[in-house]
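Report on the structure
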Amino acid sequence: MKLNEKFVITINRELGSGGRTIGEKLAKRLGVPFYDKALIQGLKEKYGLSTEQIERLKGQKHNWWADFKRSLKMMPSYAAPNLIPNDSAIPDFLITDDIFQSETEILKGIAEDDSCVIAGRSGFYVFRDHPNHLSILIQARLDQRINRLVEKRGISPKEAEKIIKEVDKGRESYVNKYTGTSRYDTRNYDIVFNVGNHTEDEIVDLIMQYIQNP
């Protein structure tokens, strides 16, 4: 990946692995915007972006996403999660074909003008043909994922494990349906991290080392 050219980094992560936070920290380190499921869904809800609406925007001008951002005076940065409460507002298994297509167009539009880091949303597949794309998978042991959810959400270990298993199943079904592959297939990624006992900052350091010394 070339940092001196427009790039997109996509991060797929297991719930409770710290992947979202790693993505945010990486984006901040690189000085580029960070986007995740919360932002994409927030944009769709706030501005009524359907597949048809996006097609109309694209038909009006070539650089539709840049024009759209300017017209709404939207900040493509860390204020984005305020658009909706959290990134699990709509389960992946409720995603329809139209939602998937409109989200795909939004993601491509986001990366059209600026370098960025994108978490989730099958980014590894959406940008598989992008000339300057780095795809990352963040994983962790089940007990570590459970402990993280217990700490972050104030729930019992049993509840945390149930949520993790349901989300894992839903995300795998979503990825398989719309990409024809498994989110666990390591061939979809350039780097796979099992965070183990590493801190989020240490994982970001490792990613930066890979980017700077490919």
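For the structure, check the block above.
Residues numbered from 1 in each chain as written. Predicted model: local features only at pLDDT ≥ 70, side-chain atom pairs only at ≥ 80, totals over all residues. Heavy atoms only, no water.

Summing up its helical and strand segments, the chain has nine helices and five strands in all. Secondary structure elements of the chain, listed N to C terminal, follow the sequence β-α-β-α-α-α-α-β-α-β-α-α-β-α. By residue count, 48% of the 214 residues in the chain fall in the buried class. Looking at the chain alone, contacts between residues at least 24 apart form 76% of all its contacts between residues at least 6 apart. With an accessible surface of roughly 10,900 Å², the chain has 49% of that area assigned to carbon and sulfur atoms. (Helix = DSSP H or I, 4+ residues; strand = E, 2+ residues; numbered from the N terminus. Buried < 20%, exposed > 50% of the residue type's maximum accessible area, 1.4 Å probe, protein only. Contact = heavy atoms within 4.5 Å. Areas by Shrake-Rupley, 256 points an atom, 1.4 Å probe, with all protein chains shown as cover.)

Moving on: the pattern of salt bridges. Tallied over the full model, the rule gives twelve salt bridges. Glu24 is the partner of Arg20 in a salt bridge, and the nearest nitrogen-oxygen pair spans 3.0 Å. Separated by four residues within a single helix, Arg20 and Glu24 lie in helix 1 (residues 19-30), roughly one turn from each other. By relative accessible area, Glu24 is classed as partly exposed at 24%. Between Asp168 and Arg145 there is a salt bridge, and its shortest N-O distance comes to 2.8 Å. Taken as a pair, Asp168 in helix 8 (residues 157-179) and Arg145 in helix 7 (residues 142-153) lie far apart in primary sequence, 23 residues in all. Accessibility expressed as a relative area gives 4% for Arg145, which makes it buried. Beyond isolated ion pairs, a larger network of salt bridges with shared partners links Glu14, Arg145, Asp168 and Arg183. (Salt bridge = Lys/Arg side-chain N within 4 Å of Asp/Glu carboxyl O.)

Our focus in this paragraph is the packing of aromatic side chains. Evaluated as defined, the whole model comprises two aromatic pairs. Its guanidinium or amino end placed over the ring of Tyr125, Arg128 lies 3.8 Å from that ring's centre, counting from NZ or CZ. (Phe/Tyr/Trp six-rings, centres within 6.5 Å; stacked < 30°, edge-to-face > 60°. Lys NZ or Arg CZ within 6 Å of the ring centre and 35° of its normal.)

Turning our eyes to something else, we now look at the pairing of strand 3 (residues 116-119). The side-chain alternation of strand 3 yields two buried faces, one formed by Cys116 and Ile118 and the other by Val117 and Ala119. Bridging between strand 2 (residues 34-35) and strand 3 involves two bridges; their strand directions are parallel. Within strand 3, the position partnered with Phe34 by the bridge is Val117. (Pairing = 2+ DSSP bridges.)

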